[in-house]
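If you want the building blocks of each chain, they are given just below.
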Amino acid sequence: MRGFVPLRQTLAEQIAVSVDQIFVGNGSIQILDSLTHALFEPGDTILVERPTYDRTLTTFRRAGLHVKGVSLDGDGMNLDELEAAIGAHAPKALYVIPDFQNPSGVTTSLAKREAILELAHRHRFLIVADIPYRLLRYEGEDVTGFREVRAERVVELSSFSKLISPGIRVGWMVASKAIVDRVAQVAVDTYISPSMLSHGTVYEFLRRGWMPDNIERLKALYGPRLRATLAALSSSLPAVARSHPEGGFFVALTLPEGVSGEQMCQLAPQEGLELTRGEGFYADVDGSRFLRLPFCALREDEIREAVSRLARVLERTKA
Ligand SMILES: Cc1ncc(COP(=O)(O)O)c(C=O)c1O
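Nothing here was measured: the structure is a model prediction, and the numbers come from that model. (Residues numbered from 1 in each chain as written. Predicted model: local features only at pLDDT ≥ 70, side-chain atom pairs only at ≥ 80, totals over all residues. Heavy atoms only, no water.)

K.L.:
What is the right way to read the overall build of the protein chain from this model?
P.N.:
On a plain count of helices and strands, the protein chain comes out with 11 helices and 11 strands. The globule rule puts the C-alpha radius of gyration for 319 residues at 20 Å, and the 20 Å found for the protein chain is close to it. Each of the three principal axes of the protein chain carries a C-alpha extent, and together these read 60 × 50 × 35 Å. Per-residue burial for the protein chain yields a buried fraction of 55% across its 319 residues. (Helix = DSSP H or I, 4+ residues; strand = E, 2+ residues; numbered from the N terminus. Rg over C-alpha atoms; globule rule 2.2 N^0.38 Å. Buried < 20%, exposed > 50% of the residue type's maximum accessible area, 1.4 Å probe, protein only.)

K.L.:
Would you mind showing me how to read the packing of aromatic side chains here?
P.N.:
Note on aromatic pairs: each is described by the distance of the centres and the angle between the planes. Evaluated as defined, the whole model comprises 11 aromatic pairs. The interplanar angle of 75° and the centroid separation of 5.9 Å between the aromatic rings of phenylalanine 4 and tyrosine 203 together place this pair among those described as edge-to-face. Residue phenylalanine 4 is located in the segment before α1 (5–15), and its partner tyrosine 203 is located in helix α8 (residues 196–207); the two are separated by 199 residues in the primary sequence. Here phenylalanine 4 falls in the partly exposed class, since its relative accessible area comes to 26%. Arranged with centres 5.4 Å apart and planes meeting at 70°, the rings of tyrosine 222 and phenylalanine 249 form a pair that is edge-to-face. Taken together, the residues tyrosine 222 in helix α9 (residues 211–236) and phenylalanine 249 in the loop between β9 (241–242) and β10 (250–254) connect sequence positions 27 residues apart. Of the residues examined, tyrosine 222 reaches a relative accessible area of 12% and is grouped as buried. (Phe/Tyr/Trp six-rings, centres within 6.5 Å; stacked < 30°, edge-to-face > 60°.)

K.L.:
How should the environment of glycine 261 be read in this particular structure?
P.N.:
Within the secondary structure, glycine 261 is located in helix α10 (residues 261–267). Residue classification places glycine 261 among the buried residues on the basis of a relative accessible area of 1%. Each residue touching glycine 261, except ones within four places of it in the same chain, is listed here: Leu255 and Ser288. (Contact = heavy atoms within 4.5 Å.)

K.L.:
Explanation requested: the pairing of strand β5 (residues 93–96) in the structure shown.
P.N.:
Within a regular beta strand, the side chains point alternately toward one face of the sheet and then the other, so they alternate between its two faces. Alternating residues of β5 divide into Ala93 and Tyr95 and Leu94 and Val96, and every residue in both groups is buried. Across three bridges, the pairing between strand β2 (residues 45–50) and β5 is parallel. Pairing of leucine 47 across the sheet is with leucine 94, part of β5. Sheet analysis places β5 next to strand β6 (residues 126–130), joined by four bridges and oriented parallel. When the bridges of β6 are listed, tyrosine 95 appears paired with valine 128. The parallel pair β5 and β6, bridged by helix α5 (residues 110–123), forms a crossover whose chirality is right-handed. (Pairing = 2+ DSSP bridges. Right-handed = clockwise from strand over helix to strand, strands pointing away.)

K.L.:
Explain unusual backbone geometry to me, please; I cannot follow it from the model alone.
P.N.:
With the exception of glycine, most residues fall at negative phi, and the peptide bonds are largely trans. The amide bond that connects arginine 50 to the next residue, proline 51, takes the cis arrangement and shows omega of 10°. Relative to the elements of secondary structure, proline 51 occurs in the loop between β2 and α3 (54–62). Cis geometry is adopted by the peptide bond preceding proline 103, which originates at asparagine 102 and carries an omega value of 20°. With a phi close to 55°, alanine 16 is a non-glycine residue in the positive phi region. The topology assignment puts alanine 16 in the loop between α1 and β1 (22–25).

K.L.:
Would you take a moment to explain the site of the ligand for this structure?
P.N.:
If you check the shell around the ligand, you find 14 residues, and the closest are Ser28, Asp130, Tyr133, Ser159 and Ser161. Interatomic distance of 3.0 Å between a backbone N/O atom of isoleucine 29 and an oxygen atom of the ligand. Bound to the protein, the ligand loses 93% of the 400 Å² it would expose on its own. (Near = heavy atom within 4 Å. Polar contact = N/O pair within 3.5 Å; in protein donor to acceptor, adjacent residues only side chain to side chain. Areas by Shrake-Rupley, 256 points an atom, 1.4 Å probe, with all protein chains shown as cover.)

K.L.:
What should I look at first to understand the environment of leucine 65 in this one?
P.N.:
Tracing the chain through its elements places leucine 65 in the loop between α3 and β3 (66–73). For the pair leucine 65 and glutamate 81, spaced 16 residues apart in sequence, the C-alpha separation works out to 20 Å. Residues in contact with leucine 65, not counting those within four places in the same chain, are Thr36, Phe40, Glu41, Pro42, Gly43, Asp44, Ile46 and Phe60.

K.L.:
Help me understand the sheet that holds β1 in this model?
P.N.:
Sheet strands associate in pairs through backbone hydrogen bonding, adopting either a parallel or an antiparallel arrangement. Reading across from one edge, β1-β8-β7-β6-β5-β2-β3-β4 is the order of the eight strands in this open sheet, with mixed pairing throughout. In the strand order of this sheet, the two ends are held by β1 and β4 (76–77), each with one partner. Together, β1, β6, β7 (154–159) and β8 (171–174) form the strand contacts of helix α7 (residues 177–191), whose direction differs from that of β1 by roughly 20°. (Axes fitted to C-alpha atoms, helices over the stretch in contact; angles between N-to-C directions.)

Given below as structure tokens:
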């Protein structure tokens, strides 16, 4: 069971691949779980960006995989570290969130995408590119996707969670037919069939031509929120290093040396803030100075207020 056929056909037509290469499931994180069981064995090594999406780490660890992080620079993975990790661990796959990464907001440059693809071919590992934020760009120019540069050895995961609703639970994968077949077998053995009602709902949304307007609406809503976040950080926390996202849901801070996220999380409620600890996003090193700021759910006035409270929390850590 590979998902509702009309929806698979629509997606295949949109990106000009064969329908055999499209798998639609109940959200992309469950597809990642099925993919993990279909392709990898306990003890296999998977490389990830450091930091990366925390649920992906949980998915890989639960399957007994050895997860190794590679530092993320402002334009994607550090290539020297990546080459060293490939040499040391002979990975089966590399998992990457190339556009407006969760949790850092970083986008991988085209030059790095090409270099990573080259390494994947030379060392025969798979690239799993997770792209749920790709269409939510508020500034700058699109960067060509891994699959569009060279489809071989690339599995692409995407989702309607950020474009329609997370509760609808519809995600999709583009891969070779052989991989789709293996994932479909795991999926059938796990949940028999995805929710056809949700798949039909998404199909109808696309068939009616609602998606382009919806994406414009989301960009018009979130773009000013990103700009408000960056402006508030520049004025209230000018000395704190941060990412420079051009889309997506997240901006990330690197807290000053000597300040821990744990301290910040403990003090935040005194300013009426709730912060998430950074450690959960790190595969194998301390991520305690990392702070993710999700800006999409707040209005611009709330963002300005939240960032000035954040600055006060930082002051409190020095007291
Ligand atoms: C990078 C990434 N992958 C996957 C997901 C989950 O997507 P879905 O709701 O389709 O399972 C998220 C949601 O936050 C995400 O940020």
